[in-house]
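Architecture at a glance
Listed here are the chains, written in short residue letters.
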Amino acid sequence: MATAGSVFEDPPADVLAEAAAAFGLLASPARLHIVWALAQGESDVTGLAERVGGALPAVSQHLTKLKLAGLVRSRREGRRQVYYVDDPDIVDVVRLMVGRLTDRAAPPRRRLHGL
(Lines give C-alpha, C1' and ligand atoms only; values in the text may rest on other atoms or scores of the structure.)
Protein backbone atom coordinates (compact mmCIF):
# COMPACT_ATOMS: atom_id res chain seq x y z
CA MET A 1 0.00 0.00 0.00
CA ALA A 2 1.36 3.38 -0.95
CA THR A 3 1.86 5.94 1.77
CA ALA A 4 0.60 9.49 1.51
CA GLY A 5 2.78 11.52 -0.81
CA SER A 6 4.38 8.53 -2.55
CA VAL A 7 3.56 7.84 -6.16
CA PHE A 8 4.14 4.54 -7.88
CA GLU A 9 3.76 4.64 -11.62
CA ASP A 10 2.93 1.49 -13.49
CA PRO A 11 5.85 0.20 -15.54
CA PRO A 12 5.49 0.05 -19.31
CA ALA A 13 3.93 -3.09 -20.79
CA ASP A 14 7.21 -4.18 -22.40
CA VAL A 15 8.99 -4.04 -19.02
CA LEU A 16 6.25 -6.14 -17.41
CA ALA A 17 6.47 -8.65 -20.27
CA GLU A 18 10.24 -8.91 -19.89
CA ALA A 19 9.96 -9.37 -16.11
CA ALA A 20 7.28 -12.04 -16.56
CA ALA A 21 9.51 -13.90 -19.04
CA ALA A 22 12.43 -13.82 -16.60
CA PHE A 23 10.25 -15.05 -13.74
CA GLY A 24 8.86 -17.72 -16.06
CA LEU A 25 12.35 -19.04 -16.71
CA LEU A 26 13.12 -19.03 -12.99
CA ALA A 27 9.88 -20.94 -12.32
CA SER A 28 11.68 -24.15 -13.28
CA PRO A 29 13.28 -25.74 -10.20
CA ALA A 30 16.24 -26.91 -12.29
CA ARG A 31 16.91 -23.45 -13.77
CA LEU A 32 16.42 -21.78 -10.39
CA HIS A 33 18.94 -24.22 -8.87
CA ILE A 34 21.41 -23.40 -11.66
CA VAL A 35 21.04 -19.65 -11.09
CA TRP A 36 21.36 -20.22 -7.32
CA ALA A 37 24.58 -22.18 -7.87
CA LEU A 38 25.97 -19.54 -10.24
CA ALA A 39 25.09 -16.81 -7.73
CA GLN A 40 27.62 -18.51 -5.44
CA GLY A 41 30.32 -18.51 -8.14
CA GLU A 42 31.00 -19.27 -11.77
CA SER A 43 31.14 -22.82 -13.11
CA ASP A 44 31.32 -24.89 -16.26
CA VAL A 45 28.45 -27.13 -17.34
CA THR A 46 30.06 -30.27 -15.88
CA GLY A 47 30.42 -28.69 -12.44
CA LEU A 48 26.84 -27.42 -12.58
CA ALA A 49 25.48 -30.81 -13.61
CA GLU A 50 27.26 -32.41 -10.64
CA ARG A 51 26.04 -29.74 -8.23
CA VAL A 52 22.39 -29.65 -9.30
CA GLY A 53 22.17 -33.37 -10.01
CA GLY A 54 21.10 -33.01 -13.62
CA ALA A 55 22.15 -34.75 -16.77
CA LEU A 56 24.78 -32.84 -18.73
CA PRO A 57 22.58 -32.32 -21.85
CA ALA A 58 19.64 -31.09 -19.74
CA VAL A 59 21.80 -28.63 -17.78
CA SER A 60 23.31 -27.41 -21.04
CA GLN A 61 19.82 -26.76 -22.46
CA HIS A 62 18.78 -24.88 -19.32
CA LEU A 63 21.93 -22.76 -19.54
CA THR A 64 21.16 -21.96 -23.18
CA LYS A 65 17.67 -20.71 -22.24
CA LEU A 66 19.00 -18.68 -19.32
CA LYS A 67 21.71 -17.21 -21.52
CA LEU A 68 19.26 -16.27 -24.30
CA ALA A 69 17.11 -14.50 -21.69
CA GLY A 70 20.12 -12.54 -20.45
CA LEU A 71 20.02 -14.06 -16.96
CA VAL A 72 23.32 -15.90 -17.38
CA ARG A 73 26.47 -15.09 -19.35
CA SER A 74 29.46 -17.15 -20.37
CA ARG A 75 33.04 -16.86 -21.48
CA ARG A 76 35.46 -19.30 -23.02
CA GLU A 77 38.48 -20.49 -21.04
CA GLY A 78 40.43 -22.76 -23.33
CA ARG A 79 38.07 -25.61 -24.21
CA ARG A 80 35.67 -24.86 -21.36
CA GLN A 81 32.68 -22.56 -21.40
CA VAL A 82 32.40 -20.89 -17.97
CA TYR A 83 28.98 -19.59 -16.89
CA TYR A 84 28.20 -16.83 -14.42
CA VAL A 85 25.44 -14.43 -13.37
CA ASP A 86 26.48 -10.94 -14.37
CA ASP A 87 23.46 -9.10 -12.97
CA PRO A 88 23.60 -8.47 -9.20
CA ASP A 89 19.86 -7.72 -9.18
CA ILE A 90 19.08 -11.26 -10.40
CA VAL A 91 21.35 -12.64 -7.67
CA ASP A 92 19.56 -10.50 -5.07
CA VAL A 93 16.10 -11.61 -6.19
CA VAL A 94 17.03 -15.31 -6.19
CA ARG A 95 18.83 -15.12 -2.83
CA LEU A 96 15.96 -13.18 -1.27
CA MET A 97 13.24 -15.56 -2.43
CA VAL A 98 15.11 -18.78 -1.68
CA GLY A 99 16.34 -17.42 1.66
CA ARG A 100 12.86 -16.37 2.76
CA LEU A 101 11.34 -19.71 1.79
CA THR A 102 14.16 -21.56 3.53
CA ASP A 103 13.53 -19.53 6.71
CA ARG A 104 9.81 -20.30 6.55
CA ALA A 105 10.47 -24.02 6.11
CA ALA A 106 12.83 -24.18 9.09
CA PRO A 107 11.28 -25.50 12.29
CA PRO A 108 10.64 -22.80 14.88
CA ARG A 109 13.38 -22.41 17.45
CA ARG A 110 12.50 -23.54 20.92
CA ARG A 111 12.62 -20.90 23.57
CA LEU A 112 15.08 -21.42 26.38
CA HIS A 113 13.69 -21.46 29.90
CA GLY A 114 13.46 -17.99 31.31
CA LEU A 115 13.99 -16.19 27.96
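Residues numbered from 1 in each chain as written. Predicted model: local features only at pLDDT ≥ 70, side-chain atom pairs only at ≥ 80, totals over all residues. Heavy atoms only, no water.

1. Topic: the overall build of the protein chain
Put simply, the test is: Numbering goes from the N terminus for both helices and strands, where a helix is a DSSP run of H or I of at least four residues and a strand is a run of E of at least two. Whether two residues are in contact is decided by their heavy atoms, any of which lying within 4.5 Å being enough. Residue burial considers only the protein chains on display, and all accessible areas are found by Shrake-Rupley using a 1.4 Å probe.
Assigned secondary structure in the protein chain consists of five helices and three strands. N-terminal to C-terminal, the α/β element order of the protein chain is α-α-β-α-α-β-β-α. Within the protein chain, residue pairs in contact and separated by at least 24 positions form 52% of the contacts whose partners lie at least 6 positions apart. Total accessible area on the protein chain stands at roughly 8,700 Å², and carbon and sulfur atoms take up 57% of it.

2. Here's the deal with the pattern of salt bridges
Any two side chains of opposite charge can pair, given that their charged atoms come close. Selection rule: Any Lys or Arg side-chain nitrogen located within 4 Å of an Asp or Glu carboxyl oxygen qualifies as a salt bridge. Using a 1.4 Å probe on the protein chains alone, a residue whose accessible area is under 20% of its type maximum counts as buried, one over 50% counts as exposed, and one in between counts as partly exposed.
Tallying each qualifying case throughout the model produces five salt bridges. Taking the shortest distance from any N to any O, the salt bridge between Arg75 and Glu42 comes out at 2.5 Å. In this pair, Arg75 sits in strand 2 (residues 73-77) while Glu42 sits in the loop between helix 2 (29-40) and strand 1 (43-44), placing the two residues 33 residues apart along the sequence. Look at Arg75 and you get partly exposed, because its relative accessible area is 30%. A salt bridge links Glu77 to Arg80; the nearest nitrogen and oxygen atoms lie 3.2 Å apart. By relative accessible area, Glu77 is classed as partly exposed at 34%.

3. Overview of the sheet that holds strand 1
Rules: Strands are treated as partners if at least two bridges between them are detected by DSSP.
The strand order 1-3-2 describes an open sheet built from three strands, whose pairing is antiparallel. The sheet is open, and its two edges are formed by strand 1 and strand 2, each paired on a single side. Across five bridges, the pairing between strand 2 and strand 3 (residues 80-84) is antiparallel. Within strand 3, the residue paired with Arg75 across the bridge is Val82.

4. Some words on the packing of helix 3 (residues 45-52) against helix 4 (residues 56-68)
Our working definition: The angle between two axes is taken between their N-to-C directions and runs from 0 to 180 degrees, where each axis is a line fitted to C-alpha atoms and a helix contributes only its stretch in contact. Every angle not falling under 35 degrees, over 145, or within 65 to 115 is termed oblique; those three ranges are roughly parallel, roughly antiparallel and roughly perpendicular. Residues are sorted three ways: Asp, Glu, Lys and Arg are charged, Ala, Val, Leu, Ile, Met, Phe, Trp, Tyr, Cys and Pro are nonpolar, and all the rest, Gly among them, are polar.
Orientation of helix 3 relative to helix 4, taken along the N-to-C sense of each, is 110 degrees, at an axis distance of 9 Å. Judged by the angle between their axes, helix 3 and helix 4 are roughly perpendicular. Only Leu56, Val59, Ser60 and Leu63 of helix 4 make contact with helix 3, whose side of the interface consists of Val45, Thr46, Leu48, Ala49 and Val52. The class makeup of the residues in the contact of helix 3 with helix 4 is seven nonpolar, two polar and no charged.

5. Some details on the confidence of the model for the protein chain
The cut-off we apply is this: pLDDT: the predictor's confidence for each residue, scored from 0 to 100.
With 89% of its residues at a pLDDT of 70 or more, the protein chain has an overall mean of 88. The element-level mean pLDDT for the protein chain is lowest in helix 5 (residues 88-105), coming to 89, with strand 1 highest at 97.

6. A short note on the nonpolar core
Under the convention used in this document: Working definition of a nonpolar core: buried Ala, Val, Leu, Ile, Met, Phe, Trp, Tyr and Cys residues. They are joined through side-chain atoms within 4.5 Å.
By size, the foremost hydrophobic cluster in this structure holds 20 residues, and its most contacted members are Val35, Leu38 and Leu63. Elements with a minimum of two residues in this core: helix 1 (13-26), helix 2, helix 3, helix 4 and helix 5. No other element matches the five residues that helix 2 contributes to this core. Those residues in contact with Leu38 that lie beyond four places of it in its chain are Ser43, Leu48, Leu63, Val72, Tyr83, Tyr84 and Val85.

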